[in-house]
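So the chains spell out like this:
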Amino acid sequence: MLRPVCLTALAALLTVSVHAQSARQINFTTYATALPQVTTITHGGDGSGRLYVTLQGGQVRLLEGGKVRAQPFLDVSRLTSAGGERGLLGLAFDPGYKQNRRLYVHYTDRNGDTVLARYTATADFSRADAGSAKIMFTTKQPYANHNGGQLGFGPDGFLYMALGDGGSGGDPQNNGQNLGTPLGKLLRFDVRGDAARPAPGNPFLNRQGANPNIWAYGLRNPWRFSFDRATGDMIIADVGQNTLEEVNRQPRSSKGGENYGWRVREGDRCFEPAQDCRTAGLVEPVLVYGRSEGQSITGGYVYRGAAIPALKGQYVFADFASGTVWAAPVDTWKAAKIGSVQNPSTFGEGEDGELYVAEYGSGQILKLGP
C-alpha cells in the first residue's frame with residue numbers, strides 16, 4: 001500500500017521493463033473532489049452507474065455522476081484503526097448484489113488486526129445497514145504495515161483477498177513462504193452461504209498444517225490486484241522492499257498454488273539469500289521496475305473500456321511515490337509512461353470499463369480519457 005516509512009529507498013537501479021519515453025498522452029480530468037485518502041474505487045455491478053469509494057479513515061462514499069452523496073454509504077470509523085498502512089482498505093460487491101444486497105469490506109480493527117466483514121444494503125440501496133455486520137474472517141497482524149488491502153470477486157464467483165507479509169521489513173517471520181499463515185498470500189473464499197469458507201478447489205485445502213484459504217503465496221504487500229474482464233486473468237501488483245516493484249500475472253486457467261517468490265526473491269532478483277537463491281518453483285514476474293522509476297507500485301486494470309481505443313488491452317498502473325502512470329500491453333508487458341498524478345493510491349474500474357485513479361493527498365478522483 002502507501003509506504004511513507006519506505007521512501008528512503010536504496011540507490012536507484014535501471015528499470016528492467018518500464019520505458020522512460022512517454023506514450024500518447026492520456027487526459028486525467030477531475031471527476032470528484034473532497035475525498036481524502038481514498039483506498040478503493042469500485043462499482044456495484046447493478047446497472048446503476050454508481051461508484052463507491054472507500055476512505056482510509058473508515059467511510060464508504062457513494063458517487064453519482066461525479067457528485068458525492070452527502071451521507072456516507074457505510075461508516076466503520078469507530079471499528080478501525082486508521083493511519084499509515086492501516087484503516088479501511090478494501091471493498092467488493094457480491095456478484096448477486098442486485099438481488100442479495102451483500103457487500104464486503106476489509107479493514108484494520110482497533111487492535112491492528114485484519115477483518116473481513118459482510119454488510120447488507122437497505123432495500124432501496126441507499127446505504128449499507130450498519131446492523132447487518134457479520135465478521136467473516138480475521139487474522140492477527142504482527143506489525144503495523146503490509147496489511148495488503150484488495151478485495152475482489154473473480155470470474156469463478158469466489159471472493160479473493162490480498163494480505164501482506166505482516167510487516168516490518170524483509171519479512172522477518174518468513175510469512176510469505178509459510179503456508180501455515182494467511183499473511184503474504186492471496187486468499188480465496190466461498191461466501192455464497194452465511195460464512196466465509198475455503199473455496200472448493202483451493203490448492204492447499206487438504207494439506208496438513210496449511211491454511212485452507214490460501215490460493216497463492218510468496219507475496220510481500222499485494223496492495224492492488226484486478227481481473228481482466230475480457231480474459232479473466234488476475235494481475236497482481238506487489239510492492240517491493242529495497243530494489244524492485246513487480247507485476248505478476250495469473251492466467252484464468254490457473255488452479256492456484258503459485259509461489260511468487262517473496263522473500264526468496266524481490267522481483268526477479270535474489271533477496272534471501274542475497275545470491276544464488278533458488279528459482280525452481282517460483283513464478284517469474286511479467287514486469288519489474290527499479291528505484292529510478294518509483295518506490296511503491298499502485299496496481300491498476302487492463303483497460304477494456306470504449307473511450308480510449310489506444311489503451312485497449314493495456315495494463316494501466318502507477319507508482320505512489322513518483323506519481324508516474326504507465327500502460328503496458330499484456331502481450332509484451334513493455335510499459336510506457338502515459339501521464340503523472342499526485343500520490344496515486346488506487347485505480348478503479350466503472351461498470352462500463354472506464355478507469356479512474358485517486359490522488360491520496362489532494363482528495364481528487366480523476367477519470368482517464370482520450
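Quick notes on the rules
Residues numbered from 1 in each chain as written. Predicted model: local features only at pLDDT ≥ 70, side-chain atom pairs only at ≥ 80, totals over all residues. Heavy atoms only, no water. Disulfide = S-S within 2.5 Å. Buried < 20%, exposed > 50% of the residue type's maximum accessible area, 1.4 Å probe, protein only. Pairing = 2+ DSSP bridges. Helix = DSSP H or I, 4+ residues; strand = E, 2+ residues; numbered from the N terminus. Axes fitted to C-alpha atoms, helices over the stretch in contact; angles between N-to-C directions. Core = buried A, V, L, I, M, F, W, Y, C linked by side-chain atoms within 4.5 Å. Contact = heavy atoms within 4.5 Å. Polar contact = N/O pair within 3.5 Å; in protein donor to acceptor, adjacent residues only side chain to side chain.

Draft legend 1. The state of the cysteines, seen in detail. All chains considered together, the criterion is met by one disulfide. The disulfide partner of Cys270 is Cys277, and the S-S distance across this bridge is 2.1 Å. Here the S-S torsion is close to -85°, and the disulfide linking Cys270 with Cys277 is therefore left-handed. With relative accessibility at 10%, the residue Cys277 sits in the buried group.

Draft legend 2. Seen up close, the sheet that holds strand 9 (residues 102–108). Taking strand neighbours across the sheet as the criterion, the four strands line up as 8-9-10-11 in an open arrangement whose pairing is antiparallel. Of all the strands in the sheet, the pair left with one neighbour each is strand 8 (88–93) and strand 11 (128–139). The sheet shows a mean angle of 25° between the axes of neighbouring strands, direction not considered.

Draft legend 3. Layout of the sheet that holds strand 17 (residues 224–227). With respect to topology, four strands assemble into an open sheet ordered 17-18-19-22, the strand pairing being antiparallel. Sheet topology places strand 17 and strand 22 (287–290) at the edges, where each strand pairs with a single neighbour. On average, each strand axis in the sheet is inclined to that of its neighbour by 10°, with strand direction left out of account. Where strand 18 (residues 234–238) meets strand 19 (residues 244–250), five bridges bridge the pair, whose relative direction is antiparallel. From the neighbouring strand, Ile235 faces strand 19, where its bridge partner is Arg249.

Draft legend 4. Looking closely at the pairing of strand 11. In this sheet, strand 11 lies alongside strand 10 (residues 114–121) in antiparallel orientation, the contact comprising seven bridges. Residue pairing in the sheet places Ala117 in a bridge with Ile135 of strand 11. Between strand 10 and strand 11, which follow one another and run antiparallel, lie six residues, and Phe125 among them has a positive phi close to 60°.

Draft legend 5. Up close: the nonpolar core. Ranked by internal contacts, the top residues of the largest apolar core, which has 20 residues, are Tyr104, Leu116, Leu159, Met161, Phe189 and Val191. Every element with two or more residues in this core is listed here: strand 11, strand 12 (151–153), strand 13 (159–163), strand 14 (185–190) and strand 16 (214–217). It is strand 13 that provides the largest number of residues to this core, a total of three residues. Setting aside residues up to four positions removed in sequence, Tyr104 forms contacts with Gly90, Leu91, Ala92, Asp94, Leu116, Ala117, Arg118, Met136, Leu151, Phe153, Leu159 and Val191. Among the nonpolar cores identified, the runner-up in size contains 19 residues, and Tyr52, Val76, Leu91 and Ala121 belong to it.

Draft legend 6. Geometry of the pairing of strand 3 (residues 38–42). Within strand 3, five of the five residues are buried, which leaves the element mostly enclosed by the surrounding structure. Sheet topology note: the strand 3/strand 4 (residues 51–55) ladder contains four bridges and is antiparallel. Of the residues in strand 4, the one forming a bridge with Thr40 is Thr54.

Draft legend 7. How the structure looks around the environment of Asn259. When you line up the elements, Asn259 lands in the loop between strand 19 and strand 20 (265–266). For Asn259, a relative accessible area of 3% gives the class buried. Remark: the alpha-carbon pair of Asn259 and Asn100, spanning 159 residues in sequence, is separated by 35 Å. Contact partners of Asn259, with chain neighbours within four places excluded, come to Gln177, Tyr217, Gly218, Arg278, Gly281, Leu282 and Val283. Engagement of the side chain of Asn259 in a polar contact is seen with the side chain of Gln177, the distance being 2.9 Å.

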